[in-house]
Amino acid sequence: MGLIFDAGSDPQRRAFAERAVLRYWLRHPEMAQRYGTEGRRRCVEDLQYTLLYLEAATATGSLELFRSYTEWLRSIFICHHLDVADLAGTLETLLEIFTERGDALPAEYLADSLRLMDSMEDVPPNLLAENNPHRTLAQGYLALLLDQDRQGAADLIINAADTGIPLTDLYLHVFQPCLHEVGRLWMTGRLTIPQEHFATTATQSILAQLQPYAACRSGTGRRLLAVCIDGELHEIGLRMVGDVFTLNGWETTFLGASVPVAGIVGAVKADRPELLALSVTIAPNLPKAAALVEALRADPGCANTRIIVGGHPFNRCPDLWRRIGADAHGRDAAAAVAWADRHFALPGPA
Ligand code: B12
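What you see is a predicted model, and the numbers here were worked out from it, not measured in a lab. (Residues numbered from 1 in each chain as written. Predicted model: local features only at pLDDT ≥ 70, side-chain atom pairs only at ≥ 80, totals over all residues. Heavy atoms only, no water.)

By domain assignment, the chain separates into domain 1 (10-119), domain 2 (135-213) and domain 3 (223-343). Here the C-alpha centroids of domain 1 and domain 3 sit 31 Å apart. With 12 residues of domain 1 at the contact, the number on the domain 3 side is 11 residues. Carbon and sulfur atoms supply 69% of the area buried between domain 1 and domain 3, which totals about 950 Å² over both sides. (Domains from an automatic or database assignment. Contact = heavy atoms within 4.5 Å. Buried area = accessible area lost by both parts, 1.4 Å probe.)

All right, on to the coordination of the cobalt atom of the ligand then. Looking at the protein side alone, the cobalt atom of the ligand has one donor only, His 234 (NE2), at 2.3 Å. As for its position among the elements, His 234 is in the loop between β1 (223-229) and α10 (236-247). (Donors = N, O, S within 2.8 Å, 3.2 Å for Na, K, Ca; no water. Helix = DSSP H or I, 4+ residues; strand = E, 2+ residues; numbered from the N terminus.)

Mapped onto the fold, Arg 322 is located in helix α14 (residues 320-323). For Arg 322, a relative accessible area of 58% translates into the label exposed. In sequence terms Arg 322 and Thr 60 are 262 residues apart; their C-alpha atoms lie 9.7 Å from each other. (Buried < 20%, exposed > 50% of the residue type's maximum accessible area, 1.4 Å probe, protein only.)

Okay, the side chain of Thr 203 next. Mapping Thr 203 onto the fold places it in helix α9 (residues 193-209). Setting aside residues no more than four positions away along its own chain, Thr 203 makes contact with Tyr 141, Leu 145, Phe 175 and Leu 179.

Bringing the sheet that holds strand β4 (residues 306-310) into the picture now. Read across the open sheet, the five strands follow the order β2-β1-β3-β4-β5; overall the sheet is parallel. Taken across any chain shown, the strands that pair with only one partner, and hence form the sheet edges, are β2 (251-259) and β5 (328-329). When β4 meets β5, the two strands line up parallel, connected through two bridges. Within β5, the position partnered with Ile 308 by the bridge is Ala 328. Along the sheet, α10 makes contact with β1, β2 and β3 (275-279), crossing β2 at roughly 175°. Along the sheet, helix α15 (residues 333-343) makes contact with β3, β4 and β5, crossing β4 at roughly 160°. (Pairing = 2+ DSSP bridges. Axes fitted to C-alpha atoms, helices over the stretch in contact; angles between N-to-C directions.)

The final tally for this structure, using the stated rule, is 11 aromatic pairs. An angle of 90° between the planes, with centres 6.1 Å apart, marks the rings of Trp 339 and Phe 344 as edge-to-face. Summarising the burial analysis for this pair, Trp 339 and Phe 344 share the class buried. Taken together, the ring pairs connect Tyr 49, Tyr 53, Phe 66, Tyr 69 and Trp 72 into an aromatic cluster. (Phe/Tyr/Trp six-rings, centres within 6.5 Å; stacked < 30°, edge-to-face > 60°.)

Before going further, it helps to examine the pattern of salt bridges. In this structure the tally under the stated criterion is 21 salt bridges. Between Glu 55 and Arg 13 there is a salt bridge whose closest N-O contact spans 2.6 Å. One end of the pair, Glu 55, is in helix α2 (residues 30-60); the other, Arg 13, is in helix α1 (residues 10-27), and 42 residues separate them in sequence. Where Arg 184 meets Glu 181, a salt bridge forms, and the shortest distance between an N and an O atom there is 2.9 Å. One end of the pair is Arg 184 and the other is Glu 181, both in helix α8 (residues 167-187) and three residues apart, which spans about a single turn. With respect to burial, Arg 184 and Glu 181 carry one shared label: buried. Where salt bridges share partners, they join Arg 23, Arg 27, Glu 96 and Glu 100 into one cluster. (Salt bridge = Lys/Arg side-chain N within 4 Å of Asp/Glu carboxyl O.)

Another aspect to go through is helix α12 (residues 286-298). For α12, with 13 residues, the first-to-last C-alpha span of 18 Å sits near the 18 Å given by 1.5 Å per residue. Looking at α12, one finds that the buried residues are Leu 286, Pro 287, Ala 289, Ala 290, Leu 292, Val 293 and Leu 296. (Expected span 1.5 Å × (residues − 1).)

To continue, consider the environment of Thr 192. If you trace the backbone, Thr 192 turns up in the loop between α8 and α9. Look at Thr 192 and you get partly exposed, because its relative accessible area is 41%. Thr 192 sits 75 residues away from Ala 267 along the chain, and the two C-alpha atoms are 38 Å apart.

Take a look at the structure:
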């Protein structure tokens, strides 16, 4: 899988970002007046992040991935009252430098996003407004999180579970949209990082309190190993996937956030689970996920383990899971279990 910079080459990426920012700022002297030295340092930092996304997109052959990143960044510019022309100008400068270097692939990805930029969505819509069977409950839960009322939020959910709302419904129609909405409010500048962290940790503690409700029906005898790829800190979605598999009779081993590739291969070889659930939320972690799939395929000790992937980039780019060599993708926990039920179904009577 070809990367634009040498693997692990942060200094190369940094030097490239510095060069692009220098060129753009020399052409636009008002940038220095407006943002100063600290602003320039942050531009270089942000551009390194952009380069990481560009590398992930070119490495996985997904134009859609870089479009999705550009749209997200453009929304952040709009919501924080930054000039979108500077975003476009910086991407054009990158395009110019890649073209000068003869790097046609990243140039093509940049040109694609620049071409589509004006038609991109300014700000994503409220994620609780969609057709949600537990919308009132979700709205109440989100309001309590935003009020930093952890006990009230826990009481609301435990009571809902007691009244018979299935755990999977609470996961998919309450926690998931509420956390997605928290992310949207953060990116639009309406929620601070501490407020987002509060909502996250409160939800994690309520998930733990719900464990007694996770009684499973009779076991299938099948085992799931659930991991986040190295560098990936978003683990709540995977946790829900693991719990929903448990509820459906699987024996789940949940290893959580940021597990190194060699560690995952070792765990698969040792435990030989039927299914590995691999979660990736941050696109720059995708090349490591692809390297993991390659390592698993190359190891005869892992031959009987199927690989299902999921998380934000896979939901944005429908064929990404194929490009990194996985066996399947699950849009959410319920879809993942539905795929596993079909895939591992015992052959019926002839
Ligand atoms: C909580 C949170 C964090 C927490 C995570 C804590 C934890 N212990 O998990 C912390 C604070 C660590 C964090 C950090 C960052 N975050 Co954050 N985070 C979020 C937030 C608000 C919620 C994530 C979540 O739990 N969602 C709820 C779960 C249930 O949903 P889900 O993850 O989509 O999972 C479901 C499906 O996707 C699927 N699924 C997921 N995994 C798998 C795996 C398999 C096998 C299958 C089949 C299915 C599957 O099933 C799940 C359940 O149905 C999201 C917003 C969002 N849209 O999700 C931002 C978000 C993901 N974060 C974002 C960012 C930018 C970051 C940071 C880069 C911020 C920074 N500058 O430091 C860092 C990166 C850290 C890293 N290296 O991983 C952006 C990503 C944007 C982008 N374009 O990539 C988001 C989208 C926020 C936003 N709107 O801008 N974050």
